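# Architecture at a glance
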Amino acid sequence: MPTETRTITAHTRRRDETDRRNRAGPARWLARWARCAAVALPLVAHAAPPPHWQYSGPYGPAQWAEMRKDYALCARGRRQSPIDIVATRRQAQPQLQFDYRSAPLRIVNDGHTVRVRFANGSRLLIGGHAETLQQFHFHIPGGDRVQGESFPMAMHFLHKSRSGQLVALVVLFRLGARNEALAALLPNMPEAGPPERVLPDTRVDPADLLPASNAYYAYDGSLTAPPCTEGVRWIVMQQPLELSAVQLARLSALFPNNARPVQALHGRVVTQTP
Ligand SMILES: [Zn+2]
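Read on for a plain summary of the structure. Because the structure is predicted, anything quoted here is derived from the model rather than measured. (Residues numbered from 1 in each chain as written. Predicted model: local features only at pLDDT ≥ 70, side-chain atom pairs only at ≥ 80, totals over all residues.)

## Quick notes on the pairing of strand S12 (residues 216-222)
Buried residues dominate S12, accounting for 6 of its 7 residues. Of the strand pairs in this sheet, S12 and strand S13 (residues 230-237) are connected by 7 bridges, and their pairing is antiparallel. Across the sheet, the residue bridging to Tyr-216 is Met-237, located in S13. Bridge analysis of S12 against strand S15 (residues 270-272) gives 2 bridges, and the strand direction is antiparallel. When the sheet's bridge partners are listed, Tyr-217 is paired in S15 with Gln-272. (Buried ≥ 20, exposed ≤ 12 C-beta atoms within 10 Å, placed from the backbone. Helix = DSSP H or I, 4+ residues; strand = E, 2+ residues; numbered from the N terminus. Pairing = 2+ DSSP bridges.)

If you want it as structure tokens, here you go:
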């Protein structure tokens, strides 16, 4: 084919393509509308879903137990978390040993907190019993108090043993120096979600977010969100860590308040490592 003819053919083809696209405009718009409607219409047709629990407002902690039958423990439970740790009994307790390992970052914003998930066999050993780390997440303010002191932030490390025993390990934070391990996490915190984000090239080591001292308080507690399940072993590290005001502001922008108020002790004893 001569060069000129080839060029003209190419031009013609391009013009035909443009015409077809213009003609297809309304049809494509209709198709898109139909797709949107297919998604939106069932939402309109069905009754509104029951309201979701929150940390404040009309579906806040004081209403949780009224919202669903299986949330009853949130009001009637007698071993609820968090608490104000005031009187403690000093006694020998099993030592904590951390066998935490770094893993590629798996992070999700579930609308209540940001969770970092683990499935890499990181373990907390309590007197020889192994508890496997499932995830850690953040609360602002910290939830558990010590002698009335409220902490601006806390991290909860949730573990599960083979028998299903849940262990929540709490690291409290005071305002102070910038925390380097948090600094690495903060830019990767999703502002909304789910789904979970996996960053294979960004590693997170949960051991970097533990205090130097393994001294702790322990009490019999619960999940701090509905359904407020009891039978959770609650371990609060005595030595708080620090985070900077800028870091706290960054977290507060995601969750201005995602902590349950302190709960009544109902005669529980808080033990403390000597
Ligand atoms: Zn928590």
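## Describing the environment of Gly-77
Among the structural elements, Gly-77 can be located in the loop between helix H3 (73-76) and strand S1 (84-85). Classification of Gly-77 as buried rests on a count of 20 C-beta atoms within 10 Å. Put simply, Gly-77 and Ser-222 are 145 residues apart on the chain and 8.8 Å apart in space, counted from C-alpha to C-alpha. Once you skip the residues sitting within four places of it in the chain, Gly-77 turns out to touch Ser-222, Cys-228 and Glu-230. (Contact = placed C-beta atoms within 7 Å.)

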